[in-house]
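Geometric and topological summary
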Amino acid sequence: MTELINEVNRRRTFAIISHPDAGKTTLTEKLLLYGGAIHLAGTVKSRKSQKHAVSDWMEIEKQRGISVTSSVLQFDYSGFRINILDTPGHQDFSEDTYRTLMAADSAVMLIDIAKGVEEQTKKLFWVCKKRKLPIFTFVNKIDRFGRTPFDLMDELEKVLTINAYPVTWPIGIEGNYIGIYNRLTKEVELFATDNRRGQKQLLSTKGSLEDVKMKDLIGPEYYENLLAEIELLDMAGDSFDVEKIKAGELTPMFFGSAMTNFGVQAFLDKFLELSQPPLPRVTKNGFIEPTDENFSAFIFKIQANMNPAHRDRIAFMRICSGKFEKGMSVYHVQSGKEIKLSQPQQFLAQERTIVEDAYSGDIIGVFDPGIFGIGDTLCLSKEKLQFEDFPVFPPEQFARVQPKDTMKRKQFVKGMIQLAQEGAVQVFRQPDIGIESFVVGTVGSLQLDVLEYRLKNEYGATLLINNLSYSLSRWILGEKKDIDAIKGIDNGMLLVDTKDRPVILVNNEWSLNWLIERNPNLEFLVVPTDARKI
Ligand code: G4P
């Protein structure tokens with residue numbers, strides 16, 4: 001038992017959320033560098049793979065190893081076992097990104113000092129906020145000219161409605177910061193640079209703000225300025241409140257430069273201290289504690305055909321309680337079957353390793369014989385454990401897809417069904433029509449590109465794609481006759497999802513409101529609950 005408690009307490013599982021180009025890859029590399037997992041930054045992913053052109057992304061997908069590697073990275077630092085979950089942004093943005101956040105216990109929000117809160121950051125932030133995840137803010141690129149720290153604090157408050165407690169504060173003026181002041185330790189750290197873009201760790205000069213030597217190093221102008229700013233923060237800003245941080249109501253804020261390593265270690269140390277070990281998880285029958293000895297886990301990501309030669313399918317699971325041991329058999333709640341988890345793997349930088357054991361908070365990938373689905377529960381015995389449902393994200397873009405070559409219909413249907421199970425896209429069909437064509441719903445346009453690419457490469461089916469003008473979907477609850485009555489409406493399309501639950505697609509809010517007003521007997525839901533068959 002004490003072994004389990006110790007292992008759980010030293011684990012930190014988090015996701016870095018940011019808009020593309022804010023520096024997520026660079027920061028991740030630097031965390032690995034400080035963790036001793038790599039010795040020279042620039043080795044995790046080739047920079048080229050980070051360019052976001054669709055064609056490059058396809059290249060990455062072709063070399064599945066890379067995108068898998070980046071799904072989760074594990075390393076040890078200062079007694080902690082750290083799991084970083086990858087949340088791709090930009091065009092790679094998809095439902096997958098949202099779902100990954102289900103596996104995290106906290107989030108690090110990375111912000112570019114010049115750009116502030118950007119679109120993708122906002123979307124991811126709201127998902128974290130909804131889950132009440134503790135959120136830590138790292139303002140990156142302070143080696144460059146950018147916005148003032150006060151301005152950024154203000155933006156967090158106005159745009160994201162979260163107050164910030166700056167733990168570190170930059171010393172100097174925009175574009176010329178020479179160091180940071182840590183408000184909790186009252187220590188100053190001055191910037192060291194070697195013009196090698198932080199490939200290696202550099203020793204910075206540290207000391208107390210009271211120290212006369214420090215005062216000299218900072219210089220009188222910056223020193224006075226710093227004192228004034230800190231006084232203002234202490235007086236007018238929020239006070240440090242661990243409970244608010246835990247509840248995701250206050251974000252500890254840090255400043256630094258991932259590229260030059262500046263402020264990275266100060267951030268990592270404080271983050272590990274302030275963030276929490278794996279949290280209890282909600283099941284349909286109450287909470288399950290991470291220190292509960294009975295193993296339990298849920299699946300949050302499935303990736304098929306990672307290795308085209310083997311056609312394998314890997315299910316990523318987040319362990320929620322107990323200890324996992326290699327070769328262990330577990331009960332898969334959704335299928336009611338006992339399953340031996342084969343080839344359990346963990347990922348570090350470019351390597352995959354076989355897992356001997358793993359604990360609550362860890363992420364492992366297992367071979368999926370084709371039975372797992374997103375959100376499925378695995379546990380030790382036939383106890384009726386089931387984790388809360390995974391959020392379904394309302395799709396925003398829709399398209400009708402059908403096979404170009406009708407001879408390939410079988411492959412097309414197989415591919416669509418498998419990719420729907422994997423959660424790559426949401427799949428709908430018209431209830432009266434067979435499965436010659438499907439309507440797919442996505443939250444980002446790349447999801448459709450990926451579908452097209454994968455159906456061709458993995459199933460040999462080329463697609464005819466017709467984009468539809470709908471932008472909203474609602475699951476419908478109600479009597480069959482009332483649902484049937486809206487079948488032929490203008491500006492809308494009635495479909496069923498993969499579980500035969502009725503869904504309506506409409507063009508805009510106006511059409512939706514019109515529909516709601518005229519159908520008082522029906523309920524229109526943003527996400528599905530158990531609905532009746534059409
Ligand atoms: P991402 O994963 O969030 O998309 O961002 P990534 O780390 O790839 O960084 C995006 C760009 O920002 C990169 O420049 C990177 O070097 C730069 N960058 C990251 N952190 C810092 C920082 O602290 N300061 C400065 N000045 N730049 C930073 P790039 O031109 O796209 O690539 P490269 O040619 O520099 O490798």
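The structure we're discussing is the one just above.
Heads up: these notes are all about the structure in this document. (Residues numbered from 1 in each chain as written. Predicted model: local features only at pLDDT ≥ 70, side-chain atom pairs only at ≥ 80, totals over all residues. Heavy atoms only, no water.)

**Some thoughts on the overall build of the protein chain**
Broken down by element type, the protein chain carries 15 helices and 31 strands. Residues counted as buried form 55% of the 534 residues belonging to the protein chain. Contacts in the protein chain between residues far apart in sequence, at least 24 positions, make up 72% of those at least 6 positions apart. (Helix = DSSP H or I, 4+ residues; strand = E, 2+ residues; numbered from the N terminus. Buried < 20%, exposed > 50% of the residue type's maximum accessible area, 1.4 Å probe, protein only. Contact = heavy atoms within 4.5 Å.)

**Thoughts on the sheet that holds strand β31 (residues 523-525)**
In space, the 8 strands of this open sheet follow the order β27-β24-β26-β25-β29-β30-β28-β31, with antiparallel pairing throughout. Whereas interior strands pair on both sides, the edge strands pair on one side only; in this sheet they are β27 (463-468) and β31. Within the sheet, the average angular offset between the axes of one strand and its neighbour, ignoring direction, is 40°. Examined bridge by bridge, strand β28 (residues 472-477) and strand β30 (residues 502-506) share 4 bridges and lie antiparallel to one another. Its bridge partner being in β30, Arg474 is matched across the sheet by Ile504. Docked against the sheet, helix α13 (residues 446-459) engages β24 (397-403), β26 (438-442) and β27, running at close to 165° with respect to β27. (Pairing = 2+ DSSP bridges. Axes fitted to C-alpha atoms, helices over the stretch in contact; angles between N-to-C directions.)

**Remarks on the packing of helix α12 (residues 409-422) against α13**
Relative to each other, α12 and α13 sit at 125°, their axes nearing to 10 Å. Between α12 and α13, the crossing angle belongs to the class labelled oblique. Helix-helix and strand crossings are classified by hand; for α12 and α13 the assignment is right-handed. Here Gln411, Phe412, Gly415, Met416, Gln418, Leu419 and Glu422 of α12 lie close against α13, whose contacting residues are Leu451, Arg454, Leu455 and Tyr459. (Parallel < 35°, antiparallel > 145°, perpendicular 65-115°, else oblique. Left-handed = near helix turned anticlockwise from the far one by under 90°.)

**Points about the packing of helix α2 (residues 24-34) against helix α11 (residues 264-274)**
Axis separation between α2 and α11 bottoms out at 10 Å; the angle between their running directions is 75°. Accordingly, the angle class assigned to the pair α2 and α11 is roughly perpendicular. Along its contact with α2, which presents Leu27, Lys30, Leu31 and Tyr34, the element α11 presents Val264, Gln265 and Leu268.

**Quick look at unusual backbone geometry**
In this model, Asp21 sits at a positive phi of 80°, which is unusual for a non-glycine residue. Structurally, Asp21 can be placed in the loop between β1 (11-18) and α2. On the accessibility criterion, Asp21 (54% relative accessible area) is exposed. Residue Asp500 is not a glycine yet carries a positive backbone phi of 65°. Here Asp500 lies in the loop between β29 (492-497) and β30.

**Some thoughts on helix α15 (residues 509-518)**
Along α15, the residues classified as buried are Ser511, Leu512 and Leu515. Down the axis of α15, the buried set is contained in an arc of 100°. They therefore lie on one face. Opposite the buried face of α15, by more than 90 degrees, sit the exposed residues Trp510 and Glu517. Those residues of α15 that are buried are in contact with β28, β30 and β31. (Arc of directions from axis to C-beta.)

**Focus on the sheet that holds strand β3 (residues 80-85)**
Ordered in space as β2-β3-β1-β4-β5-β11-β6, the 7 strands form an open sheet in which the pairing is mixed. Looking along the sheet, the strands with just one partner apiece sit at the ends: β2 (72-77) and β6 (163-166). For this sheet the average axis-to-axis angle between neighbouring strands, irrespective of direction, equals 30°. Bridging between strand β4 (residues 106-112) and strand β5 (residues 135-140) involves 6 bridges; their strand directions are parallel. Bridged to Val108 within β5 is Phe136.

**Quick look at the pairing of β5**
By the criterion of burial, β5 is predominantly enclosed, with 6 of the 6 residues buried. Along β5, one buried face is formed by Ile135, Thr137 and Val139 and the opposite face, lined by Phe136, Phe138 and Asn140, is buried too. Read from β4 through helix α6 (residues 119-130) to β5, the crossover connection turns out right-handed. Bridging between β5 and strand β11 (residues 250-255) involves 3 bridges; their strand directions are parallel. Residue pairing in the sheet places Thr137 in a bridge with Met253 of β11. (Right-handed = clockwise from strand over helix to strand, strands pointing away.)

**A word on the pairing of β30**
Summarising burial for β30: 5 of the 5 residues are buried, a large majority. Pairing analysis gives 5 bridges linking β29 to β30, with the strands arranged antiparallel. From the neighbouring strand, Leu495 faces β30, where its bridge partner is Val503. Joining the antiparallel neighbours β29 and β30 is a turn of 4 residues, in which Asp500 adopts a positive phi near 65°.

**A word on the pattern of salt bridges**
Pairing between side chains of opposite charge can happen when their charged atoms approach one another. As enumerated under the stated definition, the model contains 24 salt bridges in all. We note a salt bridge from Arg11 to Glu7, for which the minimum N-O separation is 2.7 Å. A residue is classified by how much of its surface remains accessible, and Glu7, at 18% relative accessible area, is buried. Between Lys246 and Glu243 there is a salt bridge; the shortest N-O distance is 3.8 Å. Linking Lys246 with Glu243, this pair stays in helix α10 (residues 242-246), spanning 3 residues, or about one helical turn. On the accessibility criterion, Lys246 (35% relative accessible area) is partly exposed. Each member of the salt-bridge network shares a partner with another, and the members are Glu7, Arg10, Arg11, Asp76, Arg81 and Asp362. (Salt bridge = Lys/Arg side-chain N within 4 Å of Asp/Glu carboxyl O.)

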